[in-house]
Amino acid sequence: MPTLVLERPERKVRPTKAFVPDLVYFEPSSLDYPKGQRILEWVKEKNIEYHMTTSHNRITNLPGETDLEKYRIAKRTLVVGIRRTLKFDQSKPSAEYAIPISTGCMGHCHYCYLQTTLGAKPYVRVYVNTGDILQAAKDYIEERKPEITRFEAACTSDPVGLEHITGNLADLITFMADEEFGRLRFVTKYHHVEPLLSLKHNGNTRIRFSVNADYVIKNFEPATSRFEERIEAAGKIAHAGYPLGFIIAPIIWHEGWEEGYGDLLKRLAKTLPKDATKDLTFEMIQHRFTKTAKNLIEQRYPKSKLEMDIAKRETKWGKYGQYKYVYPKDQQQALREFITERIFEYFPESRIEYFT
C-alpha cells in the first residue's frame, strides 16, 4: 500500500502592520493646530490612552519596572508637539539640510545611530506646525537660489511609518512640487506608501528604500517591513513617477557577506519593475559605532549578534565629538568594490551617490 504524503499548507506571511502607539502625549499648544486636532480624533477613534504634557522634549514617568522595559514602552509612545527650533541642521552627504517633521522611530534596528543621538528620549515625536517648518525651508531655498537646495526628511525618524498619523510627508511633497530650486528626499524601511501615490510631486521628491542582505534584515531590523514589502512599495513609487533610490546601509561584514549582498542586488533586479530602474540612485554606508552606542546597544538588545569589537576596527573622528569605529581600509575597499560591481552589473544605468 503506497505511503500517503500530506503536503503542508503554505504558511501565509502576514503584512507588516502600520504603527499604532500604545500611549500618546500632547503638548496643549499642539491642539491649536488643525493637524493636532486630527491626530487627537484618530487617537480617540483607536481608543488609545493619552495625556497632556508641558513639553515634547521632556516626557517623565513613563511606565516600566526596568530601564529595558521603559525603553521598549517608550518606542511605543507617540508625542505630539510643536517644532520651535527652525534652524535646520546640515545633512551631508545626503542633502544640504535636514527638515524636521518627526523625531524618533518605532523600529528596533540594533545598529541605529538614533540610539545615541536621542539617548534618553527614544519616544516618537511628531510636529504639527508644518506651516512654520515649510516657511523656514522656503527661506533656505531663497537664500541659496539659483542653486538647488535639497532637504532630507528622514535624518531623525522614518516618516513613512508615521504618515498615516501625521500627513506631514504629503505637506512637504506638495509644497516642494512647486519649488523650482527645492528638492525633498527621504528614506524608509516601511512599505506603507499608499498616501503618497496620488500626490502632485513634479519629480521634485526622491523616495529611497533602505535594503540589506537577508542576514542583516533578519537579525538586526525588528519591527520594520520585510524586504519583499519594501521592494513592492518601491515599484508603486516608481509607477507614481517619483525618482527612486536605494540605500544599502549599514553594510555589515559577516560570514557569507559576498553571497548576501550579491543575492540582495540579484533579487532587487529580478523583482523591481523595469520602469523603476530609470534615474535610479544608490547610496552605501558601512556599519560604524561609537563607544556610547556600543554600551547602549548592549543594554537595550543584550542578545544581539551585532559585531562591535573595537579591536577589529579603525577610528574615524565624528562630527559629534566622538570617535566612530569603522572597518579597516582593506575591508572597506572589498565591500565597496564588490557591491559597486554588482550594482552596475544589474543596474548599468544607475548612479552611486556615495560610499561612506
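In this text, all values refer to a predicted model and were calculated from it rather than measured experimentally.

Colleague: It is not clear to me how the overall build of the protein should be interpreted in this structure. Could you clarify?
Modeller: Counting its regular elements, the protein contains 11 helices and 15 strands. Computed over the C-alpha atoms, the radius of gyration of the protein is 21 Å, within 12% of the 21 Å expected from 2.2 N^0.38 for a compact globule of 356 residues. Dimensions along the principal axes, computed over C-alpha positions, put the protein at roughly 70 × 55 × 55 Å. Within the protein, the proportion of its 356 residues that are buried is 54%. For the protein, restricting intrachain contacts to residue pairs at least 6 apart in sequence, the fraction spanning at least 24 positions comes to 76%. Charge-centre separation for the protein: the mean point of 54 positive side chains lies 2 Å from the mean point of 48 negative side chains.

Colleague: Looking at this model, I keep getting lost on the packing of aromatic side chains. Mind explaining?
Modeller: Each aromatic ring pair is characterised by the separation of its centres together with the angle its planes make. Scanning the entire structure with this criterion turns up 13 aromatic pairs. Between F88 and F151, the ring centres sit 6.2 Å apart and the planes meet at 85 degrees, which makes this aromatic pair edge-to-face. Residue F88 is located in the loop between β3 (77-81) and β4 (90-91), and its partner F151 is located in strand β8 (residues 149-152); the two are separated by 63 residues in the primary sequence. Given a relative accessible area of 5%, F88 falls into the buried group. Within the aromatic cluster, the residues linked to one another by ring pairs are F88, Y97, Y140 and F151. The cationic tip of R336 hangs over the ring face of F355; the distance from NZ or CZ to the ring centre is 5.1 Å. Here the guanidinium or amino end of R342 rests over the ring plane of F338, the centre of that ring lying 4.7 Å away.

Colleague: Just to check I follow, could you spell out the sheet that holds strand β6 (residues 102-103) for this structure?
Modeller: Within a sheet, neighbouring strands are paired by backbone hydrogen bonds and run either parallel or antiparallel to one another. Read across the open sheet, the 5 strands follow the order β2-β1-β3-β7-β6; overall the sheet is mixed. Lying at the two open borders of the sheet, with one neighbouring strand each, are β2 (49-52) and β6. Direction of pairing for strand β1 (residues 23-26) relative to β3: parallel, over a ladder of 4 bridges. Bridging across to β3, F26 finds its partner in V80. Docked against the sheet, helix α1 (residues 34-45) engages β1, β2, β3 and β7 (124-127), running at close to 155 degrees with respect to β1.

Parameters and conventions
Counting restarts for each chain: residues are numbered from 1 in the order of the written sequence. At least 70 in pLDDT is required for a residue's local features to be given in this predicted model, at least 80 for side-chain atom pairs to be given and counted, and no such filter applies to totals for whole chains, interfaces and linings, which use all residues. Based on all heavy atoms of the structure, the side-chain values leave hydrogens and waters out of the count. The secondary structure listing takes helices from DSSP runs of H or I that are at least 4 residues long and strands from runs of E that are at least 2 residues long, numbered from the N terminus. Put simply, the radius of gyration uses C-alpha atoms, and a globule should come to 2.2 Å times the residue count raised to 0.38. With a 1.4 Å probe rolled over the protein chains alone, any residue whose accessible area is under 20% of its type maximum counts as buried; one over 50% counts as exposed, and the rest are partly exposed. Residue contacts are defined here by distance: any two heavy atoms, one from each residue, within 4.5 Å place the two residues in contact. The sign given to each residue is positive for Lys and Arg and negative for Asp and Glu; His and the chain ends receive no count. Positions of charges follow a simple convention, taking NZ of Lys, CZ of Arg, CG of Asp or CD of Glu. Any pair of Phe, Tyr and Trp rings, taking the six-membered ring for Trp, is counted once the centres come within 6.5 Å. Such a pair is stacked with planes under 30 degrees apart, edge-to-face with planes over 60 apart, and tilted for the rest. For a ring to carry a charge above it, either NZ of a lysine or CZ of an arginine must fall within 6 Å of the ring centroid while also lying within 35 degrees of the normal to the ring plane. We treat two strands as partners when DSSP finds at least two bridges between them. Here an angle of 0 to 180 degrees is reported between the N-to-C directions of two axes, which are lines fitted to C-alpha atoms, with helices fitted over the stretch in contact.

Bear in mind that shape data such as this cannot, by itself, settle questions of function.
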